[in-house]
Every structure is written in structure tokens, then in C-alpha cells.
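Residue strings, one per chain:
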Amino acid sequence: MNVPTEKRTRLEQAMEWAVWHFGELAGVLGPLVLAVVFTPWFALVSALVAAGWAVHEVRDHREQARLRAGTAERKQLPATPAATDDETTDHQSREVTR
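From a predicted model like this one, the values you see are computed outputs, not experimental measurements. (Residues numbered from 1 in each chain as written. Predicted model: local features only at pLDDT ≥ 70, side-chain atom pairs only at ≥ 80, totals over all residues. Heavy atoms only, no water.)

Here the focus is the overall build of the protein. Helix and strand counts for the protein stand at four helices and zero strands. For the protein, the α and β elements follow one another from N to C terminus as α-α-α-α. Looking at the protein as a whole, 8% of its 98 residues qualify as buried. About 9,200 Å² of surface is accessible on the protein, with carbon and sulfur atoms providing 62% of the total. (Helix = DSSP H or I, 4+ residues; strand = E, 2+ residues; numbered from the N terminus. Buried < 20%, exposed > 50% of the residue type's maximum accessible area, 1.4 Å probe, protein only. Areas by Shrake-Rupley, 256 points an atom, 1.4 Å probe, with all protein chains shown as cover.)

This is the structure we're talking about:
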């Protein structure tokens, strides 16, 4: 999702969520509307899509939690590379003279 640069209202947050999840919402609500209008059998399709969506969200949540827990255990690298006597680290030796 977008990085928030300013404080957003709850309506703006809900609209952004709906836009990002349009495919899932259409997959659940489309067959549900067809079930109301034509035959209740379309409700089965809607339930299957909703179940698939729920399984995907649970797996995604668990993976994100695992990744967040793993970042705390990672070794922090220094911000600048360590100085060595190697000629390749010398910026003047990398310059192309014309």
C-alpha cells in the first residue's frame, strides 16, 4: 500500500482498501448478487471465493509475521564499507582519465 505522508480519514482508508481489494470483492459480491436475483446456487460460488480469500489472507498474515520476526534477528550491517588497503576501494583509481 501507499506510504502515508499525511493523516487520512477513516473514509479515505476504507476507500483505499476497497480499491486494493476490488478483485476479491467482485468475486464474492458478484455471485452473491446473482444468487439473490437468479438462483441460490450462485451463493456456493460466492462462498468458495470467500473461503479462498480468507485462506489467502491468513497465509499472507502468517508469512508477514514470520518475516517481521526474522528481521529482528538479522545482523545489522555497517552503513559504510570498512576501509581496506585494496586499490579497488580507492575512488581515484576508479576514475577514467581522458
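On the surface, a nonpolar cluster with roughly 720 Å² of combined accessible area is contributed by Val33, Leu34, Val36, Val37, Phe38, Phe42, Val45 and Val49. Per element, the largest residue contribution to the nonpolar patch is four residues, and it comes from helix H2 (residues 22–37). Given the relative accessible area of 54%, valine 37 is considered exposed. (Patch = residues over 30% accessible without salt bridge, like charges linked within 9 Å, V, L, I, M, F, W, Y side chains within 5 Å. Salt bridge = Lys/Arg side-chain N within 4 Å of Asp/Glu carboxyl O.)

End to end, H2 covers 22 Å across 16 residues, agreeing with the expected 22 Å (1.5 Å per residue, within 8%). Of all the residues in H2, the buried ones are Gly27, Val28, Pro31 and Ala35. All buried residues of H2 lie within an arc of 85 degrees about the axis, which places them on one face of the element. Exposed residues pointing more than 90 degrees away from the buried face of H2 are listed as Phe22, Gly23, Val33, Val36 and Val37. (Expected span 1.5 Å × (residues − 1). Arc of directions from axis to C-beta.)

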